[in-house]
Amino acid sequence: MKVYEKAPAKINLLLDVLHKREDGYHEVEMIMTMVDLADRLEMEELPRDTIIISSQAGYIPLDEKNLAFQAAKLIKNRYDVKQGVYIHLDKKIPVAAGLAGGSSDAAATLRGLNRLWKLNIPDHELQELGAELGSDVPFCVTGGTAIARGRGEKLEMIPNPPQCWVILAKPPINVSTADVYGRFRVDKLNSHPSMADMISAIENQQFHDVCGQLGNVLEDVTLSLYPEVHQLKDAMMKLGADGVLMSGSGPTVFGLVSKESKVARIYNGLRGFCKEVYAVRMLT
């Protein structure tokens, strides 16, 4: 038997940091949603007790450093599963991009193995497992659109934002999330994005209000470290995207676009800055 799972990328419409916690993590408030750029996973049971991962992408680890591997190992150990599994990972989401590609792969692995091995684990339990693997994994288990609090594991589902095009552009650099958070100083913030205003814009399906409320307090740190991210954001705005923001800790920048007629111009214009440009739809 084989099972197949889609692992979509996420973007942060809003990312705020409230304070640094005693455990060293930062207390965050985010609004996350998913876009139609996805990895695809194929899972097949093996008779022997082992985990094997393959991928067409030559740049990702296929051992215990891989989050999908860690997810398979966690679910096997927690539920005392003696069968092995072969996982093929068809990678489309850029790595170290602020799009939660690895987290979404881990979430898809949890969902897929739950089906493959008929474990009947409820979603909230899969989310708890996911929280042991990474802050974005619980959200990626169920997808949709959610407010995430705590380290990202406390989720409150909200309506999906208005349907639109999303243009993603990743410059040819990798950004360390730990490094960005390490340099971030919450006491130096002049202002915080408005969670209440963004929720209101989404609930009322006001596309231009959603664009006006986009905010990410990590942007200033990443933009100061990587001028090319700044250039990419400026280029996307000049090319006519309705709302532009860096996703997560970067370096991917996304633009929200309401009119399909603008998409090709923005996409082609950004290809002059970087090779990794994607024009996709919001997943709703």
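How each quantity is defined
- Residues numbered from 1 in each chain as written.
- Predicted model: local features only at pLDDT ≥ 70, side-chain atom pairs only at ≥ 80, totals over all residues.
- Heavy atoms only, no water.
- Phe/Tyr/Trp six-rings, centres within 6.5 Å; stacked < 30°, edge-to-face > 60°.
- Lys NZ or Arg CZ within 6 Å of the ring centre and 35° of its normal.
- Helix = DSSP H or I, 4+ residues; strand = E, 2+ residues; numbered from the N terminus.
- Contact = heavy atoms within 4.5 Å.
- Expected span 1.5 Å × (residues − 1).
- Buried < 20%, exposed > 50% of the residue type's maximum accessible area, 1.4 Å probe, protein only.
- Arc of directions from axis to C-beta.
- Polar contact = N/O pair within 3.5 Å; in protein donor to acceptor, adjacent residues only side chain to side chain.
- Pairing = 2+ DSSP bridges.
- Axes fitted to C-alpha atoms, helices over the stretch in contact; angles between N-to-C directions.
- 1 Å grid on protein atoms, 1.4 Å probe; cavity = no way out; pocket = protein on both sides within 12 Å on 5 of 7 lines; lining within 4 Å.
- Points joined across faces, edges and corners; volume = space filled by probe spheres on them.
- Nonpolar A, V, L, I, M, F, W, Y, C, P; charged D, E, K, R; others polar.
- Core = buried A, V, L, I, M, F, W, Y, C linked by side-chain atoms within 4.5 Å.

Brief notes about the packing of aromatic side chains
- Applying the stated criterion to the full structure yields 0 aromatic pairs.
- For Arg-281, the ring lying beneath its charged end belongs to Trp-165, and the centroid distance is 4.8 Å.

What to know about the environment of Thr-284
- When you line up the elements, Thr-284 lands in the segment after β11 (276-281).
- Those residues in contact with Thr-284 that lie beyond four places of it in its chain are Asn-160, Pro-161 and Gln-163.

A look at helix α9 (residues 227-238)
- Look at α9: 17 Å from first C-alpha to last across 12 residues, which is about the 16 Å you get at 1.5 Å a residue.
- Turning to α9, its buried residues number three or more, namely Val-229, Leu-232, Lys-233, Ala-235 and Met-236. Mapping the buried residues of α9 onto a view down its axis gives an arc of 165 degrees, with all of them on the same face.
- Tucked inside the fold, the buried residues of α9 contact β7 (165-170), α8 (219-225), β9 (243-246), β10 (253-257) and α10 (260-270).
- Two residues or fewer after α9 comes Gly-240, characterised by a positive phi angle close to 110 degrees.

Some points on the side chain of Asp-39
- By the element assignment, Asp-39 lies in strand β2 (residues 26-46).
- By relative accessible area, which is 0% here, Asp-39 ends up buried.
- Of note is the side chain of Asp-39, whose polar atom sits 2.7 Å from the backbone nitrogen of Lys-92.
- With residues near it in sequence (within four places) discarded, Asp-39 still touches Glu-5, Lys-6, Ala-7, Leu-89, Asp-90, Lys-91, Lys-92, Ile-93, Gly-101 and Asp-105.

What about the sheet that holds β9?
- Taken together, 4 strands build an open sheet; the order of strands is β9-β10-β7-β11 and the sheet is antiparallel. For this open sheet the edge positions go to β9 and β11, each flanked by a neighbour on one side alone. The average angle at which neighbouring strand axes cross in this sheet is 20 degrees, direction not considered.
- Each of β7, β9 and β10 touches α9; the most contacted strand, β10, lies at about 10 degrees to it.

So, the layout of surface pockets
- Each pocket or cavity is described by its volume, and for the largest pocket that value is around 1,000 Å³.
- Along the walls of the largest pocket sit 40 residues, with Leu-67, Ala-100, Ser-103, Asp-136 and Thr-177 positioned nearest its centre.
- Breaking the lining of the largest pocket down by element, the ones donating at least two residues are β1 (2-20), β2, α1 (67-78), α2 (101-116) and α5 (177-183).
- The biggest single contributor to the lining of the largest pocket is α2, with 4 residues.
- By volume, the second largest pocket is sized at about 200 Å³.
- Lining the second largest pocket are Lys-188, Leu-189, Asn-190, Ser-191, His-192, Pro-193, Gly-215, Asn-216, Val-217, Glu-219 and Asp-220.
- Elements with a contribution of two residues or more to the lining of the second largest pocket: β8 (215-216) and α8.
- Of the residues assigned to the lining of the second largest pocket, the class counts are 3 nonpolar, 5 polar and 3 charged.

What to know about the nonpolar core
- Within the largest apolar cluster, 70 residues are counted, with the highest numbers of intra-cluster contacts made by Val-85, Leu-110, Met-236 and Leu-270.
- Apart from the residues lying within four places of it in its own chain, the contact partners of Leu-270 are Ile-167, Ala-169, Leu-232, Ala-235, Met-236, Leu-239 and Val-277.
- Grouped together as the second largest cluster of nonpolar side chains are 30 residues, Ile-31, Cys-164, Ile-202 and Cys-211 included.

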